[in-house]
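Residue strings, one per chain:
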Amino acid sequence: MKETLRIKTWIPIVLWMETSWNDDGHARTENDPDDPGGVTKYGIDKASHPGVDIEGLDLESAINIYEQELIAHKFSLFPSSYGFCVYECGVNMGYITAIKMFQQAIGVEQDGIIGPDTLGHASKFDTFVLRNRFHQLRVERYRTLVSKNPKLGKFLHGWINRADFSYRIAENLERYD
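Note that the structure is predicted; figures quoted are calculated from it, not measured.

Draft legend 1. Spatial organisation of the nonpolar core. Grouped together as the largest cluster of nonpolar side chains are 50 residues, with contacts concentrated most on I44, Y66, F75, F84, Y87 and F102. Those elements that provide at least two residues to this core are α1 (2-18), α2 (59-72), α3 (80-93), α4 (95-106), α6 (127-148) and α7 (153-173). When near neighbours in sequence (up to four residues on either side) are disregarded, F84 contacts W10, I13, V14, M17, P79, S166, I169, A170 and L173.

See the structure below:
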């Protein structure tokens, strides 16, 4: 039951964070030449979804993609207090990358899979501590990406704001989990 509630709660928040709108009220297709994801709509990018017609993507299809990915990677097994941050980070920088960062935060093998070892170790931590550790690793990774590729610098402020916002959302979602 909690897993279903998380899915139904997290996806609309991610869509709100990810979607830009045209003046006519339709979702905007974006194509920033410096964005490694390429053409993007509703946060669904061509690099991660090569078989998807991004420009023709509708809201219902975007929701289905997010739901399938959230379930496939087992994010909803995490409590919202930090699980939302890990999931939302995965939308932004790749699910395997986000899971590996989380595994680094809890000190387990970084295999990019949410399985019994990851879940067991995570349950031993205070949720506030986990959320903080993950947030610090996330911000550090953004800074590292920019130091390796200065063209990404134009995204840094937005990425850090996004991480901070995600942190605050998870903090509030914890009350309802």
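Here the narrative resumes.
Draft legend 2. The arrangement of the state of the cysteines in detail. Here the structure, examined in full by the defined rule, presents zero disulfides. Free of any disulfide, C85 has its nearest neighbouring cysteine sulfur in C89, separated by 8.7 Å. Residue C85 is classed as buried on the basis of its relative accessible area of 5%. Judged by its relative accessible area of 0%, C89 is buried.

Draft legend 3. Expanded view of unusual backbone geometry. Of note in the backbone geometry, Y42 takes a positive phi value of approximately 60° without being a glycine. By secondary structure assignment, the location of Y42 is in the loop between β1 (40-41) and β2 (44-45). Look at K74: it is not a glycine, yet its phi comes out positive at around 65°. The exposure class of K74 is partly exposed, given its relative accessible area of 39%.

Draft legend 4. Spatial organisation of the packing of α3 against α6. Packing of α3 against α6 brings their axes to within 8 Å, and their N-to-C directions diverge by 15°. Taken together, α3 and α6 sit at an angle that is classed as roughly parallel. In terms of crossing hand, the pair formed by α3 and α6 is left-handed. Contacts between α3 and α6 involve S81, Y82, C85, V86, E88, C89, N92 and M93 from the first element and T127, L130, R131, F134, R138, R141 and Y142 from the second.

Draft legend 5. Geometry of empty space enclosed by the protein. Scanning the entire structure with this criterion turns up one cavity of 30 Å³ or more. Empty space within the largest cavity amounts to approximately 30 Å³. In this structure, the largest cavity is lined by C85, R131, F134, H135, R138, A163 and Y167. At the level of elements, α6 and α7 are the ones that each hand at least two residues to the lining of the largest cavity. Among the elements that make up the lining of the largest cavity, the one with the highest residue count is α6 (four residues). Per-class residue counts for the lining of the largest cavity are four nonpolar, one polar and two charged.

Draft legend 6. Looking closely at the packing of α1 against α7. At their nearest, the axes of α1 and α7 sit 12 Å apart, and the two run at 155° to each other. One finds that α1 runs roughly antiparallel with respect to α7. Along this stretch, α1 crosses α7, giving a crossing that reads as right-handed. Within the contact between the two elements, α1 uses T9, W10, I13, W16, M17 and E18 and α7 uses R162, F165, I169 and L173. Taken together, the residues of the contact of α1 with α7 break down into seven nonpolar, one polar and two charged.

Definitions and cut-offs
- Along each chain, residues carry numbers from 1 onward, in the same order as the chain's sequence is written.
- This being a predicted model, a pLDDT of at least 70 is required before a residue's local features are given, and a value of 80 or more before pairs of side-chain atoms are given or counted; all residues contribute to the totals for chains, interfaces and linings.
- Side-chain measures were taken over the full set of non-hydrogen atoms in the model, leaving aside hydrogen atoms and water.
- For the purposes of this section, nonpolar cores are sets of buried Ala, Val, Leu, Ile, Met, Phe, Trp, Tyr and Cys residues that join through side-chain atoms within 4.5 Å.
- Burial classes: relative accessible area under 20% of the type maximum marks a residue as buried, over 50% as exposed, and values in between as partly exposed (1.4 Å probe, protein chains only).
- Helical segments are the DSSP runs of H or I of at least four residues, strand segments are the runs of E of at least two, and each set is numbered from the N terminus.
- Contact between two residues is taken to exist if any of their heavy atoms lie within 4.5 Å; hydrogens are not considered.
- Pairs of cysteine sulfur atoms within 2.5 Å are identified as disulfides in what follows.
- What counts as an axis is a line fitted to C-alpha atoms, over the stretch in contact for a helix, and the angles between N-to-C directions run from 0 to 180 degrees.
- Any angle between 65 and 115 degrees counts as roughly perpendicular, while under 35 counts as roughly parallel, over 145 as roughly antiparallel, and the rest as oblique.
- Whether a crossing is left-handed or right-handed is set by the direction in which the near helix is turned from the far one by less than a right angle, anticlockwise for left-handed and clockwise for right-handed.
- Using only the protein atoms, space was sampled on a 1 Å grid; points where a 1.4 Å probe fits but cannot get out form cavities, open sets with protein on both sides within 12 Å along at least five of seven lines form pockets, and lining residues are those with an atom within 4 Å of a point.
- Grid points are joined across faces, edges and corners, and a volume is the space filled by probe spheres set on the points.
- Charged residues are taken to be Asp, Glu, Lys and Arg, nonpolar residues to be Ala, Val, Leu, Ile, Met, Phe, Trp, Tyr, Cys and Pro, and polar residues to be all remaining types, Gly included.

Everything listed here is a matter of geometry and, on its own, says nothing about what the molecule does.
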